[in-house]
Amino acid sequence: MKILYFAWLRERLNRASDDVSPPAEVKTLADLITWLRANDEALDLAMANPKQFKLSKNARIVPWETPIADADTIAILPPMTGG
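About the thresholds
- Residues numbered from 1 in each chain as written.
- Predicted model: local features only at pLDDT ≥ 70, side-chain atom pairs only at ≥ 80, totals over all residues.
- Heavy atoms only, no water.
- Helix = DSSP H or I, 4+ residues; strand = E, 2+ residues; numbered from the N terminus.
- Buried < 20%, exposed > 50% of the residue type's maximum accessible area, 1.4 Å probe, protein only.
- Polar contact = N/O pair within 3.5 Å; in protein donor to acceptor, adjacent residues only side chain to side chain.
- Contact = heavy atoms within 4.5 Å.

Let's talk about unusual backbone geometry
In step 1: Backbone geometry at Ala 7 places phi at a positive 55°, although glycine is not the residue there.
In step 2: Secondary-structure assignment places Ala 7 in helix H1 (residues 7-13).
In step 3: Among the residues examined, Ala 7 registers a relative accessible area of 23% and is labelled partly exposed.
In step 4: A positive phi angle, close to 70°, is found at Ala 59, a residue other than glycine.
In step 5: Tracing the chain through its elements places Ala 59 in the loop between strand E3 (54-57) and strand E4 (60-62).
In step 6: Overall, Ala 59 belongs to the exposed group, its relative accessible area being 74%.

Digging into the environment of Asn 39
In step 1: Within the secondary structure, Asn 39 is located in helix H2 (residues 29-39).
In step 2: Taking the C-alpha atoms as reference, Asn 39 lies 25 Å from Met 80; in sequence the two are 41 residues apart.

Considering the side chain of Ser 56
In step 1: Secondary-structure assignment places Ser 56 in strand E3.
In step 2: Of note is the side chain of Ser 56, whose polar atom sits 3.5 Å from the backbone nitrogen of Ala 59.
In step 3: Of note is the side chain of Ser 56, whose polar atom sits 3.2 Å from the backbone nitrogen of Arg 60.
In step 4: Apart from residues no more than four positions distant in its own chain, Ser 56 is found in contact with Ile 61, Thr 73, Ile 74, Ala 75 and Leu 77.

Written out as structure tokens, the structure is:
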């Protein structure tokens, strides 16, 4: 599974993406974010308020409860400011 990071999140993590293989019990985007945060201290700190983030599955913004599969590309989109 490919995880993409955008905007200030990418800068804070100092990487644009990760390839991950979550365990079988990770079935939804919410499960995935919980698992990612538990295994990455920098991501955990950056996502201190996770519900501010939008999540995309295969280039479509979707709810956090959306099921995921190994072949998916997931984007984590931080809240944006400015005009």
